Amino acid sequence: MSLIDIDTAIIRMYEDTALTDSLDDETAQILLRWGEGQLRLWANRSQTPEDFESKFDLLRKIMKLVNRFSGGRARMSDEKRTKYLTVLVERANEIGYPASQQVIGTILAAQSQLDDTTVVRMLLAMLETGSTHTAPLPDNRIGDFPMTEENPDDPPKDNPRHGLDLRDIPGLDLK
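In this numbering scheme, every chain counts its residues from 1 along its sequence in written order. Reporting of local features is limited, given that this is a predicted model, to residues whose pLDDT is at least 70; pairs of side-chain atoms are given and counted only at 80 or more, and all residues count toward the totals for whole chains, interfaces and linings. Only hydrogens and water are removed before side-chain values are computed, so all heavy atoms of the structure are retained for them.

Examining the environment of leucine 127
So the rule is basically this: By the criteria applied, helices consist of DSSP H or I runs no shorter than four residues and strands consist of E runs no shorter than two, each listed in order from the N terminus. Throughout, a residue-residue contact means that at least one pair of heavy atoms, one from each residue, lies within 4.5 Å.
Its place among the elements puts leucine 127 in helix H6 (residues 116-129). For the pair leucine 127 and alanine 99, spaced 28 residues apart in the sequence, the C-alpha separation amounts to 4.8 Å. Excluding anything up to four places from it in sequence, leucine 127 contacts Trp34, Ile62, Val66, Leu88, Ala92, Tyr97, Pro98 and Ala99.

What follows is the structure, given as structure tokens:
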């Protein structure tokens, strides 16, 4: 039996308003569902409760950065937006996500033409895939995948995590 209390961790995450206070309810739910899926994965992969708590702390920092960047980017200077994304990638790398500094330019070029929900989806896709040009389709719900009986903490293999090249979005100028 695991000493990691995943249910309590999930409750703590949902009660932490700093993770979603800059987002509308729909977008906040996308981020929270993604976070819940990540918590379940980290609970299975962590060797000790201390290791899990360390990963949970980093996950909260990542979620706060996604929240603050997505909800506040219109009021930020270019320098501040770049700093947020740089720190986001650094935190993501600390926890083991393949995020790359190379995506920052693409995100900065696209973010002003996208709504908060699309930006959150784009950032979550970047965290998980490290992709420079990939964002989830608008009807895709990252973190809201059905669990399988064989391995309840992994998404099914046929679940599309992303699928739209940012260069294919009508009206999006990435020059």
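Let us keep going from here.
Let's talk about the nonpolar core
Rules: Within this scheme, the nonpolar core is defined by two criteria: the residues are buried Ala, Val, Leu, Ile, Met, Phe, Trp, Tyr or Cys, and they are joined through side-chain atoms within 4.5 Å. The buried label goes to any residue with under 20% of its type's maximum accessible area, the exposed label to any with over 50%, and the partly exposed label to all in between, with areas taken from a 1.4 Å probe on protein chains only.
In this structure, Trp34, Leu39, Leu88, Leu123, Met126 and Leu127 are the most contacted members of the largest nonpolar core, which totals 46 residues. Among the secondary structure elements, those contributing two or more residues to this core are helix H1 (6-15), helix H2 (25-45), helix H3 (49-72), helix H4 (78-95), helix H5 (104-111) and H6. With nine residues, H3 is the largest single contributor of residues to this core.

Focus: H2
Note the cut-off: Between the first and last residue of a helix there are one fewer steps than residues, each counted as 1.5 Å, and that sum is the expected span. Pairing of N or O atoms within 3.5 Å defines a polar contact, subject to two protein rules: one partner must be a possible hydrogen donor and the other a possible acceptor, and residues neighboring in sequence count only if both atoms are side-chain atoms.
End to end, H2 covers 30 Å across 21 residues, agreeing with the expected 30 Å (1.5 Å per residue, within 8%). The buried fraction of H2 amounts to 15 of the 21 residues, a majority that puts the element mostly inside the structure. With a side-chain oxygen positioned 3.2 Å from the backbone nitrogen of glutamate 26, the residue opening H2 is aspartate 24.

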